[in-house]
Amino acid sequence: MNELYYELTLLDDVVLSQKTATAGDHKSLDYIPGSAILGAIAARFYNAFDKEAAWKIFHSANVRFCNAYPQINGSRSIPMPLTMHSEKTPCKGAESKIHNFIQFKKEEGIQYKQARGGFVVENGATLSKELPQKTSRMRTAINAHTGAAAESQLYGYESLDAGQHFVGKILWSDSVDADMAKIISIFREGETIHIGRSKTASYGRARIAPKNTAAASPQSVQGNSFSIIAISDLFLRNSRTGMPELSLQPEALGLNGGNWTIDYSKTFVRPNTVFQYNSYRKELEIQKTLISKGSVFTFRSNSPLTEQEMSNIQSCVANGIGFSKEQGFGEIGIYALDSTYDIQEANNEGDEVVPSLTDVEACWLEWLAPTSIPAEVKKYVMEAVQQFKDLCKSIINFNAFDKNDPAVLPTNAQWGRILEVSRSSSDLNKVLFDSENPIIKPKTESKTALHRDTKVHNPDPEWNYERGLDNYTLRQWLKDFINSDKLAKVNQHIALQELAKRCKNLMSNREWLGGC
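Parameters at a glance
- Residues numbered from 1 in each chain as written.
- Predicted model: local features only at pLDDT ≥ 70, side-chain atom pairs only at ≥ 80, totals over all residues.
- Heavy atoms only, no water.
- Helix = DSSP H or I, 4+ residues; strand = E, 2+ residues; numbered from the N terminus.
- Rg over C-alpha atoms; globule rule 2.2 N^0.38 Å.
- Buried < 20%, exposed > 50% of the residue type's maximum accessible area, 1.4 Å probe, protein only.
- Contact = heavy atoms within 4.5 Å.
- Pairing = 2+ DSSP bridges.
- Axes fitted to C-alpha atoms, helices over the stretch in contact; angles between N-to-C directions.
- Parallel < 35°, antiparallel > 145°, perpendicular 65-115°, else oblique.
- Left-handed = near helix turned anticlockwise from the far one by under 90°.
- Nonpolar A, V, L, I, M, F, W, Y, C, P; charged D, E, K, R; others polar.
- Phe/Tyr/Trp six-rings, centres within 6.5 Å; stacked < 30°, edge-to-face > 60°.
- Lys NZ or Arg CZ within 6 Å of the ring centre and 35° of its normal.
- Arc of directions from axis to C-beta.
- Salt bridge = Lys/Arg side-chain N within 4 Å of Asp/Glu carboxyl O.
- Disulfide = S-S within 2.5 Å.

## Details of the overall build of the protein chain
Right, on to step 1. Across its full length, the protein chain carries 11 helices and 26 strands.
Right, on to step 2. A compact globule built from 516 residues would reach a C-alpha radius of gyration of about 24 Å, whereas the protein chain, at 31 Å, exceeds it by more than 25%.
Right, on to step 3. The buried share of the protein chain, reckoned over its 516 residues, is 43%.
Right, on to step 4. Taking contacts inside the protein chain between residues at least 6 apart in sequence as the whole, the part at least 24 apart equals 73%.

## Brief notes about the sheet that holds strand E16 (residues 225-230)
Right, on to step 1. With respect to topology, four strands assemble into an open sheet ordered E19-E22-E16-E23, the strand pairing being antiparallel. At either end of the open sheet lies a strand with only one pairing partner, and these are strand E19 (260-262) and strand E23 (332-335). Neighbour-to-neighbour, the strand axes of this sheet turn through a mean angle of 30°, independent of strand direction.
Right, on to step 2. Pairing between E19 and strand E22 (residues 296-301): three bridges, direction antiparallel. Across the sheet, residue Trp260 finds its bridge partner in E22, namely Ser301.
Right, on to step 3. Docked against the sheet, helix H4 (residues 307-319) engages E16, E19 and E23, running at close to 130° with respect to E23.

## Overview of the packing of helix H7 (residues 412-424) against helix H11 (residues 492-508)
Right, on to step 1. Interhelical geometry of H7 versus H11 gives an angle of 165° and a closest axis separation of 9 Å. Here H7 is positioned roughly antiparallel relative to H11, judged by the angle of their axes. Pair H7 / H11 crosses with left-handed handedness. On H11, the residues that touch Asn412, Trp415, Gly416, Ile418, Leu419, Ser422 and Arg423 of H7 are His493, Leu496, Gln497, Ala500, Lys501, Cys503, Lys504, Met507 and Ser508.
Right, on to step 2. Classifying every residue of the contact of H7 with H11 gives seven nonpolar, six polar and three charged.

## Some points on the packing of aromatic side chains
Right, on to step 1. Going through the model one piece at a time under the given rule, you end up with 19 aromatic pairs.
Right, on to step 2. Between the aromatic rings of Tyr157 and Tyr203, the centroid separation amounts to 5.8 Å while the plane-to-plane angle is 90°, which identifies the pairing as edge-to-face. In this pair, Tyr157 sits in strand E12 (residues 149-160) while Tyr203 sits in the loop between strand E14 (192-194) and strand E15 (205-210), placing the two residues 46 residues apart along the sequence. The same class applies to Tyr157 as to Tyr203, namely buried.
Right, on to step 3. Ring-pair connections join several aromatic residues into one group, and the members of that group are Tyr380, Phe388, Trp415, Trp463, Trp477, Phe481 and Trp512.
Right, on to step 4. Between the NZ or CZ atom of Lys182 and the centre of the ring of Phe49, over which it lies, the distance is 5.3 Å.

## Observations regarding the environment of Ser303
Right, on to step 1. Here Ser303 shows up in the loop between E22 and H4.
Right, on to step 2. Separated by 246 residues in the primary sequence, Ser303 and Ile57 have C-alpha atoms spaced 40 Å apart.
Right, on to step 3. Once you skip the residues sitting within four places of it in the chain, Ser303 turns out to touch Asn224 and Trp260.

## Topic: the packing of helix H6 (residues 375-399) against helix H10 (residues 474-483)
Right, on to step 1. Where H6 meets H10, the closest approach of the two axes is 11 Å, and the angle between their N-to-C directions is 170°. Of the possible angle classes, the one that applies to H6 and H10 is roughly antiparallel. Within the contact between the two elements, H6 uses Tyr380, Val381, Ala384, Gln387, Phe388, Leu391, Cys392 and Ile395 and H10 uses Leu474, Trp477, Asp480 and Phe481.
Right, on to step 2. Each residue belonging to the contact of H6 with H10 can be placed in one class, and the counts come to 10 nonpolar, one polar and one charged.

## Brief notes about unusual backbone geometry
Right, on to step 1. Phi is positive for Ala400, close to 55°, though the residue is something other than glycine.
Right, on to step 2. Its location among the elements puts Ala400 in the loop between H6 and H7.
Right, on to step 3. The class for Ala400 is exposed, based on a relative accessible area of 68%.
Right, on to step 4. Despite not being glycine, Asn471 shows a phi value in the positive range, around 65°.
Right, on to step 5. Topologically, Asn471 is positioned in the loop between helix H9 (461-464) and H10.
Right, on to step 6. For Asn471, a relative accessible area of 47% corresponds to the partly exposed category.

## Topic: helix H3 (residues 180-189)
Right, on to step 1. Residues of H3 that are buried: Met180, Ile183, Ile184, Ile186 and Phe187. One side of H3 carries all its buried residues, which in axial view fall inside an arc of 140°. Those residues of H3 that are exposed and angled more than 90 degrees off the buried face are Ala181, Arg188 and Glu189.
Right, on to step 2. Phi turns positive, to about 70°, at Gly190, one or two residues after H3.

## A closer look at the pattern of salt bridges
Working definition: two side chains of opposite charge can pair if their charged atoms are close together.
Right, on to step 1. Enumeration over the complete set of coordinates arrives at 15 salt bridges.
Right, on to step 2. Here Arg76 makes a salt bridge to Glu331, at a shortest N to O gap of 2.8 Å. Linking Arg76 in strand E4 (residues 75-76) with Glu331 in the loop between H4 and E23, this pair joins segments that are 255 residues apart in sequence. For the pair formed by Arg76 and Glu331, the shared burial category is buried.
Right, on to step 3. A single salt-bridge network, built from bridges that share partners, covers Glu3, Arg76, Lys169 and Glu331.

## Remarks on the state of the cysteines
Right, on to step 1. The final tally for this structure, using the stated rule, is zero disulfides.
Right, on to step 2. The thiol of Cys66 is not disulfide-bonded; the next cysteine sulfur, from Cys316, is found 15 Å away.
Right, on to step 3. Its relative accessible area of 0% is what places Cys66 among the buried residues.
Right, on to step 4. In this structure Cys392 is not part of a disulfide, and its nearest cysteine sulfur, from Cys503, lies 7.7 Å away.
Right, on to step 5. Its relative accessible area of 0% is what places Cys392 among the buried residues.

This is a description of form; function is not addressed.
Printed below as a string of structure tokens:
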């Protein structure tokens, strides 16, 4: 088999539905299925071949368009194996540990939970894990006659975020080598393809480019026990009845069924059912009952593998098993992970996607763009944010307040009001502090006429609590921020807007208060 790895970079958000149902929440796949790549290639080249060649390339599994999984540390990841478990309530020091239940011996009195979802790459004693980023959006259809929103036509999409990288591969037999030259040119030249749903509504563009990956050496098995992992969903049928098969029998790998059996104590399987939609025929295909990717089968025998059986297993790994292999189904591998790993989140930040613009679009965006923040102003704001955090902690400690009491610090809504003022008022000092009815009112004291008692008037206490004996308050801090010599008058509004946004976010999540 010939092999080519490719890297797929999402230029737009991509909609790839888990299910074809139109009712209920829409959920997206977290990988690029081989059927999506096959469809994009067939849309461009199907009519360029005669019927016989088209059948051999797109329908006969002579060409396999394997799934594209997230790129982690420059490599193609695999689905999280279902053998991996972690402690349900981790003991100290075991928070990041994950165990392979084929080799790991469970400890008495500890509950474990299966690790589901995500993709991993082995890196020594560490498993790097990634969950692709997704975004949900609500939309509505437009009535063509009125131009308004159509009645009862609200719908939503969940999509894979633009900028993410996926790695897939295609494999083809020598019998179609001559016809594959046209198709391979797309992968080698780095062209843009369209995949997924709603391709005419700002979704679906992806750039495809070759990926330099060293050819993997054939995996081998020794001894009288080994495991197979489903790298993609497996579509198997019983050879006698034609019914869906939810177990990988030894005979499917070319093993002697009389000697080899499935070790169910070390086998982890989940079923899955899909109805694929064929966009060319505008209809659903037959239901496929599958073995889910990440499933692991363990086989055991009283005698070691023969050379012929080892050759049969390597052939199955290289060529895939089951049906619909051209769509990415049937990819398997020999499973050989160790007992325990440290699990860590992969640090794979997606690229910032900058769309190409016409001159008119660029002018509009320039006109709409908000005022940029000078570097010195941004630095000043960041220093002020840290001062705000320190001052809040001092106020809470000095006054012995409960840090979870929302009334002891300015609220999210109060910072939102300051943000509005920073955008609309020309004289910030007057509106915030010095008018007859300022936004942030001071604390005042007066003597009663009858008994000459001290009367305190403090309508905005959260701004007037003192941090210590110096009587410094948040109100005074904000006033100093606006009138500082470090801040030119022309930058007062920009700086206050940025400060208000950041403090507003801080008040939405008070974890930064720590152990106050």
